[in-house]
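If you want the building blocks of each chain, they are given just below.
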Amino acid sequence: MSGWLFWICGIGSLIVAAALIEAYVKRNRNRNLADMRPDPDKVSKVGGIERYGLDPLAMAQAEHQRLEKEGWTATRLENEPNGPNAGKEDKQDERR
């Protein structure tokens, strides 16, 4: 039994030693920051929301044009069921 225990502990200690050596080598490896940068040709120069083709200005202009075609007015929101005044009458009835 002690022979098996010796070999199991020996193999375990070799695994732990290999892990420690690997961590030490990885931590102390000298690398230039320039080498770690991604290749500029592979990185998209367009960032943020424009990367997905969603130009905020174009979207706002399209929404404005759509609202102008539909004849949107401010009073229309007050009468809609999802408008800013939705459910106020119901809440007042429930309070009584």
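Each remark here, short or long, concerns the structure printed above.
The model shown is predicted, which means the values in this text are computed figures rather than measured ones.

Conventions adopted
Residues numbered from 1 in each chain as written. Predicted model: local features only at pLDDT ≥ 70, side-chain atom pairs only at ≥ 80, totals over all residues. Heavy atoms only, no water. Helix = DSSP H or I, 4+ residues; strand = E, 2+ residues; numbered from the N terminus. Areas by Shrake-Rupley, 256 points an atom, 1.4 Å probe, with all protein chains shown as cover. Salt bridge = Lys/Arg side-chain N within 4 Å of Asp/Glu carboxyl O. Buried < 20%, exposed > 50% of the residue type's maximum accessible area, 1.4 Å probe, protein only. Expected span 1.5 Å × (residues − 1). Patch = residues over 30% accessible without salt bridge, like charges linked within 9 Å, V, L, I, M, F, W, Y side chains within 5 Å. Phe/Tyr/Trp six-rings, centres within 6.5 Å; stacked < 30°, edge-to-face > 60°.

## Here we look at the overall build of the chain
Along the backbone of the chain there are five helices and zero strands. Listing the helices and strands of the chain from first to last along the sequence gives α-α-α-α-α. Total accessible area computed for the chain in this model is approximately 9,500 Å², and 59% of it derives from carbon and sulfur atoms.

## Section: the pattern of salt bridges
Scanning the model with the defined rule gives three salt bridges in all. For Glu 22, the salt bridge is made with Lys 26, and the minimal N-O distance between the two is 3.4 Å. Placement of the pair is Glu 22 and Lys 26 together in helix H1 (residues 2–27), with a separation of four residues, close to one helical turn. Its relative accessible area of 45% is what places Glu 22 among the partly exposed residues. Residue classification places Lys 26 among the partly exposed residues on the basis of a relative accessible area of 47%. Here Arg 66 makes a salt bridge to Glu 63, at a shortest N to O gap of 2.5 Å. Here Glu 63 and Arg 66 lie together in helix H3 (residues 56–70), a separation of three residues that amounts to about one turn. Relative accessible area serves as the criterion here: at 36%, Arg 66 is assigned to the partly exposed category. The partly exposed category is assigned to Glu 63, whose relative accessible area is 36%. What emerges from the salt-bridge pattern is a single network uniting Glu 63, Arg 66 and Glu 70.

## What about H3?
Between its first and last C-alpha, H3 extends 21 Å over 15 residues, near the 21 Å set by a 1.5 Å rise per residue. Downstream of H3 by a residue or two, Gly 71 has a phi angle that is positive, lying close to 75°.

## Details of a nonpolar patch on the surface
Side chains of Ile 21, Tyr 24 and Val 25 sit close together on the surface and give an oily, nonpolar patch of about 330 Å² of accessible area. Its location among the elements puts Tyr 24 in helix H1.

## Side note on the packing of aromatic side chains
A ring pair, where both rings are aromatic, is described by two values, the distance of the centres and the angle of the planes. One pass over the structure, following the stated rule, counts one aromatic pair. Between Phe 6 and Trp 7 the ring centres are 5.7 Å apart and the planes differ by 75°, which places this aromatic pair in the edge-to-face class. The residues Phe 6 and Trp 7 share a single accessibility class, namely exposed.

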